[in-house]
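# Structural overview for review
For reference, the chains in residue letters:
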Amino acid sequence: MLGSAELSFNVDHGYLEGLVRGCKAGLLTQQDYLNLVQCETLEDLKVHLQTTDYGNFLADQTNPLTVSKIDMEMRKKLCGEFEYFRNHSLEPLSTFFTYMTCGYMIDNVVLLLSGALQKKSVRDLLGRCHPLGRFSEMEAVNIAETPSDLFHAVLVETPLAPFFQDCMSENTLDELNIEVLRNKLYKSYLEAFHNFCKDHGDVTAEVMCPILEFEADRRAFIITLNSFGTELSRDAREALYPTCGRLGPEGLRLLAQAEDFEQMKRVADHYEVYKPLLEAVGDGSAGKSLEDVFYEQEVKMNVLAFSRQFHCGVFYAYTKLREQEMRNVVWIAECISQRHRTKINSYIPIL
Amino acid sequence: MKARLKGAQTGRNLLKKKSDALTLRFRQILKKIIETKMLMGEVMREAAFSLAEAKFTAGDFSTTVIQNVNKAQVKIRAKKDNVAGVTLPIFEHYHEGTDSYELTGLARGGEQLAKLKRNYAKAVELLVELASLQTSFVTLDEAIKITNRRVNAIEHVIIPRIERTLAYIIAELDEREREEFYRLKKIQEKKKILKEKTERELEKRKIAGEVTEPANLLAEEKDEDLLFE
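What you see is a predicted model, and the numbers here were worked out from it, not measured in a lab.

## Examining the overall build of chain A
When helices and strands are tallied, chain A shows 16 helices and zero strands. Taking all 351 residues of chain A together, 56% fall into the buried category. Put simply, of all contacts in chain A between residues at least 6 apart along the chain, 64% involve residues at least 24 apart.

What follows is the structure, encoded as structure tokens:
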């Protein structure tokens with residue numbers, strides 16, 4: 001019932017929702033992007049960013065200003081906001097936040113695993129982990145000798161345990177290629193997240209489930225596209241597709257059979273949501289790539305999430321939009337610093 | 001001695017030819033180095049930009065790449081090339097092993113990563129070529145300097161020395177011959193003077209009657225010793 005959401009949501013989460021909507025209003029607008037694109041040097045970029053919501057976040061950076069410093073500072077800001085939201089959240093919003101961080105945790109765990117396999121020092125790896133994906137057992141990773149040890153000793157405590165259990169049913173962790181492992185984990189994660197949102201019901205389900213379904217289908221398409229010509233077999237490929245998307249078992253089976261882009265397009269033609277997306281893909285470097293098209297669609301869906309009230313999806317949408325903005329700014333900064341301005345306008349506009 | 005002069009001249013001509021061949025090769029390599037360096041600038045720029053593109057789509061994959069490094073995929077073999085007696089090293093690259101990063105970016109940015117790999121592979125190939133060109137350049141430079149030094153030494157030191165020796169010898173021989181000739185002449189003159197002097201003396205004493213001619217047996221009519229006529 002819609003009524004229950006309006007009645008009960010604000011009790012626990014009203015403050016945070018208001019806060020996130022305020023932060024969303026501080027995202028860079030089209031006008032800001034136009035100003036940034038016209039900068040000649042990174043110093044100009046910094047000056048322009050000072051007028052936006054970013055303020056003086058680069059103020060205490062010493063010269064010379066590099067793109068990686070900008071990236072680091074923006075990420076710190078995002079992490080600060082995210083942690084603030086998370087620390088002030090109550091159930092079920094905190095579980096929602098935990099689910100959101102699982103994605104980054106998977107990346108960190110894969111990184112630490114491959115480092116442990118190669119007997120590299122864990123100290124440096126910890127510094128390179130994504131800050132949003134921190135979990136308390138990270139430092140204990142170096143005591144494990146093999147990946148199975150790692151799992152039994154360390155990862156059982158983390159929220160990632162059920163995802164690992166899905167992967168471990170057939171092979172042990174040792175034989176698995178690190179990328180295949182990462183994608184398998186992500187698949188279980190997406191499906192679990194989707195179930196959680198569906199069980200939660202109400203507006204959250206109405207907003208988040210389409211977004212997560214789109215994410216699942218997008219992964220299926222991209223994995224297919226990138227596995228043409230590699231050693232990944234069709235069955236292995238099919239095992240990596242998340243099943244919670246709109247493509248369903250039928251579409252996924254067809255995708256697994258596809259051998260080139262044309263066949264993929266024909267599969268997409270059956271679904272009227274994806275048909276225009278795949279047709280918008282241009283050829284070679286002149287047009288948009290499939291990834292760009294998907295990014296635009298994701299941004300559109302995230303912006304639409306803000307048009308409904310009283311649901312947890314706004315936090316997810318805000319984080320994703322912030323990340324996209326970070327990517328855009330870094331892209332523009334790189335184009336400026338490398339003086340390669342031909343493609344400077346191929347960022348994804350948000351608002 | 002003359003044989004030595006001839007030998008030195010032949011040597012100098014040969015070395016000059018070697019020096020010319022080396023200089024020719026040197027200029028060719030210089031041109032190629034300039035071309036390759038310009039191309040290198042372009043390729044590196046392209047590669048750095050494709051890195052930015054890949055980072056935009058795929059996120060930060062640098063840590064994954066660094067963690068999974070085990071063996072080199074592109075290796076270099078050194079071959080030798082001979083130019084007018086100078087061995088130059090030439091580097092040739094070859095691929096070994098499969099691409100261990102085939103599945104990186106499977107979920108995001110695979111296309112851009114493939115383009116990135118291609119661009120940087122091109123850059124590495126160019127680098128290898130540039131490396132062999134530059135080592136040849138340096139080696140050739142050394143060799144040319146040495147050869148030119150030798151050519152100059154022969155031309156300005158050895159050959160003049162031999163020629164001077166030769167000229168000296170010839171001059172000495174000529175002089176001795178002249179000395180000999182002069183001495184002979186002088187002796188002849190002295191002998192003539194002596195002979196004239198003794199003849200005049202004899203004349204003088206004959207006129208004074210001190211010296212008679214000894215009896216000429218053949219010219220006498222009467223022989224004193226004959227008893228009976």
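Now that the structure is up, let's keep going.
## Re the packing of helix 1 (residues 2–58) of chain B against helix 3 (residues 110–208) of chain B
Residue and element names in this part refer to chain B. Contact pair helix 1 / helix 3: the axes reach a minimum separation of 5 Å and the direction vectors enclose 160 degrees. By the criterion of interaxial angle, the relationship of helix 1 to helix 3 is roughly antiparallel. Helix-helix and strand crossings are classified by hand; for helix 1 and helix 3 the assignment is left-handed. Residue composition of the contact of helix 1 with helix 3, grouped by class: 34 nonpolar, 13 polar and 17 charged.

## Looking at the pattern of salt bridges
Going through the model one piece at a time under the given rule, you end up with 21 salt bridges over all chains. For Asp81 of chain B, the salt bridge is made with Arg25 of chain B, and the minimal N-O distance between the two is 3.2 Å. With Asp81 of chain B in strand 1 (residues 74–83) and Arg25 of chain B in helix 1, this pair connects stretches of sequence that are 56 residues apart. You can call Asp81 of chain B partly exposed: its relative accessible area is 26%. The exposure class assigned to Arg25 of chain B is partly exposed, which follows from its relative accessible area of 24%. Across the pair Glu180 of chain B and Arg183 of chain B runs a salt bridge whose closest N-O atoms are separated by 2.9 Å. Within this pair, Glu180 of chain B and its partner Arg183 of chain B are both found in helix 3, separated by three residues, close to a single helical turn. For Glu180 of chain B, a relative accessible area of 40% corresponds to the partly exposed category. Taken together, the salt bridges that share partners define one network made up of Lys77, Glu81, Arg322 and Glu325 of chain A.

## Details of the confidence of the model for chain A
Mean pLDDT for chain A: 79, with 85% of residues reaching 70 or above. Mean pLDDT across the elements of chain A ranges from a minimum in helix 7 (residues 147–153) of chain A, with 66, to a maximum in helix 16 (residues 313–338) of chain A, with 87.

Conventions used here
- The numbers attached to residues start from 1 for each chain and follow its sequence in the written order.
- Working convention: letters from A go to chains and numbers from 1 go to ligands, in the order in which they are written.
- With pLDDT at 70 or above as the cut-off, local features in this predicted model cover only qualifying residues; side-chain atom pairs require 80 or more to be listed or tallied, and sums for whole chains, interfaces and linings still use all residues.
- Excluding hydrogens and water, the side-chain values take into account all heavy atoms of the structure.
- Secondary structure follows DSSP: runs of H or I at least 4 residues long count as helices, runs of E at least 2 residues long count as strands, and numbering of each begins at the N terminus.
- Buried residues are those whose accessible area, probed at 1.4 Å on protein chains only, stays under 20% of the maximum for their type, while exposed residues exceed 50% and partly exposed ones sit between those limits.
- Every residue pair with non-hydrogen atoms within 4.5 Å of one another is taken to be in contact.
- Here, axes are lines fitted to C-alpha atoms. For helices the fit covers the stretch in contact, and angles between N-to-C directions go from 0 to 180 degrees.
- Geometric relationships in this document are graded by angle, where less than 35 degrees denotes roughly parallel, more than 145 denotes roughly antiparallel, 65 to 115 denotes roughly perpendicular, and other angles denote oblique.
- A clockwise turn of the near helix away from the far one marks a right-handed crossing, whereas an anticlockwise turn of less than a right angle marks a left-handed crossing.
- Just so you know the grouping, Ala, Val, Leu, Ile, Met, Phe, Trp, Tyr, Cys and Pro go in nonpolar, Asp, Glu, Lys and Arg go in charged, and all remaining residues, Gly too, go in polar.
- Take a side-chain nitrogen of Lys or Arg and a carboxyl oxygen of Asp or Glu: if they are within 4 Å of each other, that pair is a salt bridge.
- Confidence of the predictor at the level of single residues is captured by pLDDT, which takes values from 0 to 100.

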